[in-house]
Amino acid sequence: MIVITGANGQLGRLIIAELLKNTPPAAIVAAVRDPAKAASLAALGVQVRKADYNEPATLDAAFAGADKVLLISSSEIGQRLPQHRNVIDAAKRAGVGLLAYTSVLHADSSPLALAGEHRATEELLRASGLRYSVLRNGWYYENYTAGLGGALAHGVLLGSAQGGRISGATRADYAAAAVAVLNSAAPEPLYELAGDHGFSLPDLAAELSRQAGKEVPYKDLPEAEYRAVLLGAGLPEWLASLLSESDACAARGALEDNSGTLSRLIGRPTTPLSDAVRAALTK
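Every chain's residues receive numbers from 1 upward, in the order its sequence appears when written. Reporting of local features is limited, given that this is a predicted model, to residues whose pLDDT is at least 70; pairs of side-chain atoms are given and counted only at 80 or more, and all residues count toward the totals for whole chains, interfaces and linings. The side-chain quantities take in all heavy atoms of the structure and omit both hydrogens and water.

### Details of the overall build of the protein chain
Here is step 1 of the chain: Secondary structure counts use DSSP, requiring at least four H or I residues in a row for a helix and at least two E residues in a row for a strand, with both numbered from the N terminus. Looking only at helices and strands, the protein chain features 13 helices and nine strands.
Here is step 2 of the chain: Throughout, the radius of gyration refers to the C-alpha atoms, and the reference size of a globule is 2.2 Å times the residue count to the power 0.38. The C-alpha radius of gyration computed for the protein chain amounts to 19 Å, which stays within 12% of the reference 19 Å derived for 283 residues, consistent with globular compactness.
Here is step 3 of the chain: In terms of overall dimensions, the protein chain has a C-alpha envelope of 55 × 35 × 35 Å along the principal axes.
Here is step 4 of the chain: The rule is simple: take the accessible area with a 1.4 Å probe, protein chains only, and divide by the maximum for that residue type; under 20% is buried, over 50% is exposed, in between is partly exposed. In the protein chain, buried positions account for 49% of the 283 residues.
Here is step 5 of the chain: Within the protein chain, contacts between residues separated by at least 24 positions form 75% of all contacts whose residues are at least 6 apart in sequence.
Here is step 6 of the chain: Surface accessibility in these figures is a Shrake-Rupley result with a 1.4 Å probe; residues are shielded only by whichever protein chains are displayed. Carbon and sulfur atoms form 54% of the exposed surface of the protein chain, whose accessible area is close to 12000 Å².
Here is step 7 of the chain: Just so you know, the count uses Lys and Arg for positive and Asp and Glu for negative, and it drops His and the chain ends. Charge coordinates come from a single atom per side chain, which is NZ of Lys, CZ of Arg, CG of Asp or CD of Glu. Positive and negative side-chain charges in the protein chain, numbering 26 and 29 respectively, have mean positions lying 4 Å apart. Note on definitions: a residue-residue contact is assigned when non-hydrogen atoms from the two residues lie within 4.5 Å.

### Re the environment of Ile4
Here is step 1 of the chain: By the secondary structure assignment, Ile4 is in strand β1 (residues 2–5).
Here is step 2 of the chain: Each residue touching Ile4, except ones within four places of it in the same chain, is listed here: Gly12, Ile15, Ile16, Leu19, Val29, Ala30, Ala31, Leu70, Ile72 and Leu182.

### Quick word on the pairing of strand β5 (residues 98–104)
Here is step 1 of the chain: Here β5 lies mainly inside the structure; seven of its seven residues are buried.
Here is step 2 of the chain: In β5, alternate side chains face the same way, and those of Leu98, Ala100, Thr102 and Val104 on one face and Leu99, Tyr101 and Ser103 on the other are all buried.
Here is step 3 of the chain: One bridge is not enough; two strands pair if DSSP finds at least two bridges between them. Taken together, the four bridges between strand β4 (residues 68–71) and β5 define a ladder with parallel strand orientation. Looking at the pairing, Leu70 lines up with Ala100 of β5.
Here is step 4 of the chain: We call a crossover right-handed when, viewed with both strands directed away from the observer, the connection leading from the first strand over the helix to the second proceeds clockwise. Between the parallel pair β4 and β5, the chain is carried across by helix α4 (residues 80–94), and the sense of this crossover is right-handed.
Here is step 5 of the chain: Bridging between β5 and strand β6 (residues 132–137) involves six bridges; their strand directions are parallel. Looking at the pairing, Val104 lines up with Asn137 of β6.

### Here we look at the sheet that holds β6
Here is step 1 of the chain: With parallel pairing, seven strands are arranged side by side in an open sheet as β3-β2-β1-β4-β5-β6-β8. Two strands lie at the open edges of the sheet, namely β3 (47–50) and β8 (190–193), each paired on one side alone. Looking at each pair of strands side by side, their axes are set apart by 20 degrees on average, direction ignored.
Here is step 2 of the chain: Pairing of β6 with β8 involves four bridges; the strand directions are parallel. Across the sheet, the residue bridging to Arg136 is Glu192, located in β8.
Here is step 3 of the chain: Taken strand by strand, helix α1 (residues 10–19) contacts β1, β2 (28–32), β4, β5 and β6, and its axis lies near 160 degrees from that of β1. Axis angles are defined between N-to-C directions and span 0 to 180 degrees, where every axis is a line fitted to C-alpha atoms and, for a helix, only to the segment in contact.

In short, shape yes, function no, at least from these values alone.
Structural data, given as structure tokens:
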């Protein structure tokens, strides 16, 4: 039995869809905070169990009978470490054979502000006594392509990454990697996962311009100014700070990785940037 936590999220649903290609639905548990929102997963035959990272009793019930658990990192930045500790402790009580965890690229050395909670969670895993596998996911294309409609509307793509290279891939690519690890007879304890071909934000603007048939230049802003623009666009403070700070770190190479581990793990090339842009424009 394989348990996927955070299964109602975008990554979680992609992972379950990938698992269903070769795993009986009854052997998959979608562990979610609100089971009522997972009716579509239950309709596929997947077991749906309540699992709140803040409520250890729900985690014990969700992990009952589990052989493997995938801990998809919490979205509550600043609260992740105690929440992840609850999951790790519950996995220990359940005696799971493998606990996999979605971390961030180069977590041990990354300057990203969000890397701190990932580093601390990895330390908990190492000390847990559990068999574990850390999936250090790189940046999702969707972090950028979700805003392409706004860039088109305003005639400019804004950012703060200068010409920094970003080794992006789609959520679906990372979902395929997670399933490959969960299905592996001998998973490694650590994977640095990133796209095959890095891109810069000027590259993204050029690809957007090509596909849209309209010139959309890239304009680089200082981090504080870009954060202010994001706040002005209605983003919550935590997200505006995350995106602007991550861009500034990308300018220093924090989101680049040329190992090719992701494509080797999933057995195919990672999704090209052009495909991700096309998908965003046709939504």
